[in-house]
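An overview of the molecular structure
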Amino acid sequence: MHPKLLPKIILLLLLPFFTTAQSQQQKLDKLHTALKNAVNDTVKMATLDNLANYYMESNRDSAMQYTDAAMAMANKITQPLWTARLLLNKAYIVQKQANFSLSLKLCNEALAIIQDEKSEKNAYILKEQEFATEPGKYRKSYLLNIFHQLGNTYRGAGNKEKAIEYYKEEIRISEELHSQSGLTTSNMNIGSIYSGIGKLDSAFIYSKRALENAKLSGYKDYEGFILRDIGDVFFKKGQLDSALNYYKKGLLVNIEQNNMAGEIGTTISLARFYQKTGQADSMKYYANNAYQLALKLKVGGFISTTANLVSEAWKMQGNADSALAYLTLAKSLSDSLYKEYSDKMTQFQNTNFEEQMRLEKEAQKNAAFKSKVRTTALFIGLGLLSILAFIFYRNNRQKQKANTVLEQTLANLKSTQSQLVQAEKMASLGELTAGIAHEIQNPLNFVNNFSEVSIELLDEMMEAAAKGDYEEVKE
């Protein structure tokens with residue numbers, strides 16, 4: 001490539017970036033205007049969080065400043081879910097600064113909030129958030145962020161196996177909740193890890209899944225990272241045209257998203273691409289650009305890596321002095337970072353051990369508490385059973401007594417019924433007898449009266465016969 005053509009090519013490449021930068025400035029101006037005109041503390045808290053996220057991958061000092069301000073507001077208006085969200089923001093920032101022990105502590109603080117169901121009460125949920133109308137699922141979705149950040153923390157500390165475990169747990173909960181955003185970040189990080197350890201086929205599968213979920217969900221904050229990761233897979237496989245295509249797409253997306261960390265990573269990949277293809281001018285351009293961005297982001301690891309790339313670019317161009325200068329800088333930074341990293345790793349291991357011991361004690365305490373609860377529940381159950389048995393026994397006795405009384409009463413009723421029936425029969429017989437006697441009495445009276453008259457007539461006849469009055473006798 002002719003040296004005079006390089007500035008023109010670079011200018012053409014930068015034209016879309018100028019437009020993007022203008023768009024990002026407009027976005028930032030809108031956020032500051034929204035903060036100034038916030039009608040209440042809730043809106044102010046959400047706007048501060050948006051500002052923190054805006055600076056998350058471009059200016060971590062500003063990101064931390066806005067995160068702290070938002071957290072103070074969340075605590076003031078009692079929004080525990082927002083406090084957990086902001087704790088995870090801080091965990092991400094300090095993890096990027098290699099403070100893994102603090103990141104772990106912040107994750108556990110957030111987890112304690114999320115595990116409390118009371119935290120979802122009166123939660124302020126933005127309408128555009130997943131599960132905006134379901135506070136329970138919304139609270140549970142924070143587990144995705146916690147497991148993701150725990151994965152980031154262990155990955156940064158060099159424990160890739162543990163990191164993958166957390167990312168896969170993030171995938172499990174994402175599938176359970178049907179969360180596309182969780183499936184994006186988890187697959188992205190697993191793909192990146194597999195790429196780093198040379199499992200390129202697995203890396204490609206996970207990275208493609210991440211890209212597909214990013215498109216489905218519209219969650220494109222880390223789309224530039226994913227495109228860079230896919231480019232790296234093609235680069236390592238020797239498919240350079242495909243690698244360059246993904247690198248350029250990734251770089252543009254990272255700039256659009258104001259994702260400086262992603263922009264640095266992709267620019268480093270482009271510098272290495274041009275180093276491999278022997279294009280010294282392009283390599284130097286991207287290496288130097290990545291170095292300047294790393295200085296701006298203040299990430300020591302990036303600064304050391306990019307300084308080394310700049311040194312190699314100068315070396316390709318035959319400038320030994322400049323190559324040595326940057327190599328010395330890279331070596332100095334590398335040594336300093338190694339010591340800092342070593343100290344923080346020791347701190348992390350101690351914190352991790354202490355945290356594991358705390359969790360173990362907590363688990364034992366919970367086990368003892370659960371055992372006590374079970375024992376108490378058993379005694380309460382036995383007490384209830386005893387009370388119920390006594391009640392059933394007493395009811396049974398009362399029932400037996402009642403049955404005895406009922407049987408006696410029934411016998412008395414049957415006896416009384418028999419007596420009533422007999423009395424009714426006798427009464428009916430008396431009435432019948434009286435009727436019969438009455439019917440017989442009338443003829444008997446007639447007979448008696450006629451007998452008395454007959455006797456009188458006989459006496460009169462005997463008297464008349466004695467007198468010889470036979471005419472009277474005949475009458």
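Residues numbered from 1 in each chain as written. Predicted model: local features only at pLDDT ≥ 70, side-chain atom pairs only at ≥ 80, totals over all residues. Heavy atoms only, no water.

The geometry of helix α8 (residues 180-196) relative to helix α10 (residues 223-236) is characterised by a closest axis approach of 10 Å and an angle of 25° between their N-to-C directions. Overall, the two elements α8 and α10 adopt an arrangement that is roughly parallel. The handedness of the crossing between α8 and α10 comes out as left-handed. In contact with T184, M188, S192, S195 and G196 of α8, α10 contributes F225, I226, D229, D232, V233 and K236. (Axes fitted to C-alpha atoms, helices over the stretch in contact; angles between N-to-C directions. Helix = DSSP H or I, 4+ residues; strand = E, 2+ residues; numbered from the N terminus. Parallel < 35°, antiparallel > 145°, perpendicular 65-115°, else oblique. Left-handed = near helix turned anticlockwise from the far one by under 90°. Contact = heavy atoms within 4.5 Å.)

A positive phi angle, near 55°, is found at T78, a position not held by glycine. Take T78: it is sitting in the loop between α3 (60-76) and α4 (80-96). Overall, T78 belongs to the exposed group, its relative accessible area being 60%. Backbone geometry places H178, a non-glycine residue, at a positive phi of 60°. The residue H178 is located in the loop between α7 (160-177) and α8 in this model. Taking relative accessible area as the criterion, H178 reaches 64% and is therefore assigned exposed. (Buried < 20%, exposed > 50% of the residue type's maximum accessible area, 1.4 Å probe, protein only.)

Assignment of secondary structure puts Y206 in helix α9 (residues 200-217). As for Y206 and I193, which are separated by 13 residues in sequence, their C-alpha atoms are 10.0 Å apart.

Looking at the element boundaries, S119 is found in the loop between α5 (100-114) and α6 (135-156). Within the structure, S119 has its side chain in polar contact with the backbone oxygen of I113 (distance 3.2 Å). In this structure the side chain of S119 is engaged in a polar contact, spanning 2.7 Å, whose partner is the backbone oxygen of D116. In this structure, S119 is in contact with P80, L81, I113, I114 and R139, ignoring residues within four places of it in sequence. (Polar contact = N/O pair within 3.5 Å; in protein donor to acceptor, adjacent residues only side chain to side chain.)

A few words now on helix α2 (residues 41-55). Between the first and last C-alpha of α2 there are 21 Å, a value that for 15 residues agrees with the 21 Å anticipated at 1.5 Å per step. The complete set of buried residues in α2 reads M45, A46, T47, L48, D49, L51, A52, Y54 and Y55. (Expected span 1.5 Å × (residues − 1).)

Here the focus is the pattern of salt bridges. Going through the model one piece at a time under the given rule, you end up with 11 salt bridges. A salt bridge links R85 to D49, with the nearest nitrogen and oxygen atoms 2.9 Å apart. Here R85, found in helix α4, pairs with D49, found in helix α2; they are 36 residues apart in sequence, far enough to count as distant. Measuring nitrogen to oxygen at the nearest pair gives 3.3 Å for the salt bridge that ties E176 to R172. Here E176 and its partner R172 are both found in helix α7, 4 residues apart, which amounts to about one turn of the helix. Residue classification places E176 among the partly exposed positions, given a relative accessible area of 41%. Among the residues examined, R172 registers a relative accessible area of 41% and is labelled partly exposed. Beyond isolated ion pairs, a larger network of salt bridges with shared partners links K140, E169, R172 and E176. (Salt bridge = Lys/Arg side-chain N within 4 Å of Asp/Glu carboxyl O.)

Overall, the predicted model of the chain reaches an average pLDDT of 81, with 78% of residues at or above 70. Confidence drops under pLDDT 50 across residues 6-15; counting only partners more than four residues distant or on other chains, this segment forms 6 contacts. (pLDDT = per-residue confidence, 0-100.)

One way to put it is that α5 packs onto α6 with a least axis distance of 10 Å and a crossing angle of 165°. Of the possible angle classes, the one that applies to α5 and α6 is roughly antiparallel. α6 is crossed by α5, and the crossing has left-handed handedness. Residue-level inspection shows F100, S103, L104, C107, A110, L111 and I114 of α5 in contact with α6, the latter providing R139, Y142, L143, I146, Q149, L150, T153, Y154 and G156. Taken together, the residues that form the contact of α5 with α6 break down as 11 nonpolar, 4 polar and 1 charged. (Nonpolar A, V, L, I, M, F, W, Y, C, P; charged D, E, K, R; others polar.)

Before going further, it helps to spend a moment on the environment of T305. Examined against the element boundaries, T305 turns out to sit in helix α14 (residues 300-316). Sequence spacing of T305 and A287 is 18 residues, and the spatial spacing of their C-alpha atoms is 9.3 Å. Not counting residues within four places of it along the chain, the set of residues in contact with T305 comprises I268 and R272.

We now examine the side chain of T267. Here T267 lies in helix α12 (residues 260-276). Among the residues examined, T267 registers a relative accessible area of 0% and is labelled buried. Once you skip the residues sitting within four places of it in the chain, T267 turns out to touch L251, Y286, N289, A290 and L293.

Moving on, we come to the environment of F204. In this fold, F204 is placed in helix α9. Separated by 26 residues in the primary sequence, F204 and I230 place their C-alpha atoms 6.3 Å from one another. Apart from residues lying up to four places away in sequence, F204 is in contact with I230, V233 and F234.

Moving on to the packing of aromatic side chains. Applying the stated criterion to the full structure yields 15 aromatic pairs. With centroids separated by 5.9 Å and ring planes inclined at 5°, the aromatic side chains of Y55 and Y66 adopt a geometry described as stacked. One end of the pair, Y55, is in helix α2; the other, Y66, is in helix α3, and 11 residues separate them in sequence. Grouping residues by exposure puts Y55 and Y66 together as buried. Ring geometry for Y138 versus Y142: centroids 5.3 Å apart, planes at 85°, classification edge-to-face. Separated by 4 residues within a single helix, Y138 and Y142 lie in helix α6, roughly one turn from each other. The burial state of Y138 is the same as that of Y142; both residues are buried. (Phe/Tyr/Trp six-rings, centres within 6.5 Å; stacked < 30°, edge-to-face > 60°.)

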